[in-house]
Amino acid sequence: MSSKSVIDVSEKLARLLSRENGRPVLKPNKPLVLKDEVANRKMRKGEATCITEMSMLMACWKKSEFNNFLCSSEISTFYTCVEKAQREAKLKAAQQASHGGRLAPKQANTLLKRFPGIKDEY
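This section reports on the structure supplied with the text. (Residues numbered from 1 in each chain as written. Predicted model: local features only at pLDDT ≥ 70, side-chain atom pairs only at ≥ 80, totals over all residues. Heavy atoms only, no water.)

**A closer look at unusual backbone geometry**
Basically, it comes down to this: What counts as a helix is a DSSP run of H or I of at least four residues, what counts as a strand is a run of E of at least two, and both are numbered from the N terminus. Per-residue accessibility, obtained with a 1.4 Å probe over protein chains only, is compared with the maximum for each type, and a residue is labelled buried under 20%, exposed over 50%, and partly exposed between these values.
Here C50, not a glycine, exhibits a phi torsion of approximately 60 degrees, which is positive. For C50, the position within the fold is in the loop between α1 (3-17) and α2 (51-63). Look at C50 and you get buried, because its relative accessible area is 7%. With a phi angle near 60 degrees, F66 is a residue other than glycine that sits in the positive phi range. Position of F66 relative to the elements: it lies in the loop between α2 and α3 (72-98).

Here it is as structure tokens:
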């Protein structure tokens, strides 16, 4: 963007928000304060892991008519993959918690109920 267009936009915004006529041109229809609750949405799940190992295990079961003894190597491969994915998920969760990750909506609502916003200033 050119500097002239940036100046034009800022001048228009200043004119719309000015109090020359006794009141601002842009008037909010709701008070400009934050609510004391957040939407109760579910946190995102992680991506699926060990899909190839699982499909290899199921193919082996189908071929051997669900005999676990003949598919023992595929079973062990699948379980090692699952254990590795669980370790990585725990490390990721611990890392996010130590770096101030996002709060769950339920936790945020609990904190907002304990420490509500100031209501008498608007």
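**Some words on the packing of aromatic side chains**
For clarity, the threshold we go by: Working definition: a ring pair exists when centres of Phe, Tyr or Trp rings (six-membered ring for Trp) sit within 6.5 Å. Plane angles under 30 degrees give stacked, over 60 give edge-to-face, the rest tilted.
For the structure on display, the rule yields two aromatic pairs. Residues F78 and Y79 carry aromatic rings whose centres are separated by 5.9 Å and whose planes lie at 50 degrees to one another, so their mutual orientation is tilted. Residue classification places F78 among the buried residues on the basis of a relative accessible area of 15%.

**Brief notes about helix α4 (residues 105-114)**
The test is simple: The arc under discussion is defined with respect to the helix axis, by the directions toward the C-beta atoms.
For α4, the complete set of buried residues consists of P105, A108 and N109. Down the axis, α4 shows its buried residues gathered within 100 degrees of arc, on one side only. Opposite the buried face of α4, at more than 90 degrees from it, the exposed residues are K106 and R114.

**Some remarks on the side chain of N109**
Here is the rule: Pairs of residues are marked as contacts when any of their non-hydrogen atoms sit within 4.5 Å.
As for its placement among the helices and strands, N109 is situated in helix α4. You can call N109 buried: its relative accessible area is 14%. Each residue touching N109, except ones within four places of it in the same chain, is listed here: E37 and V38.

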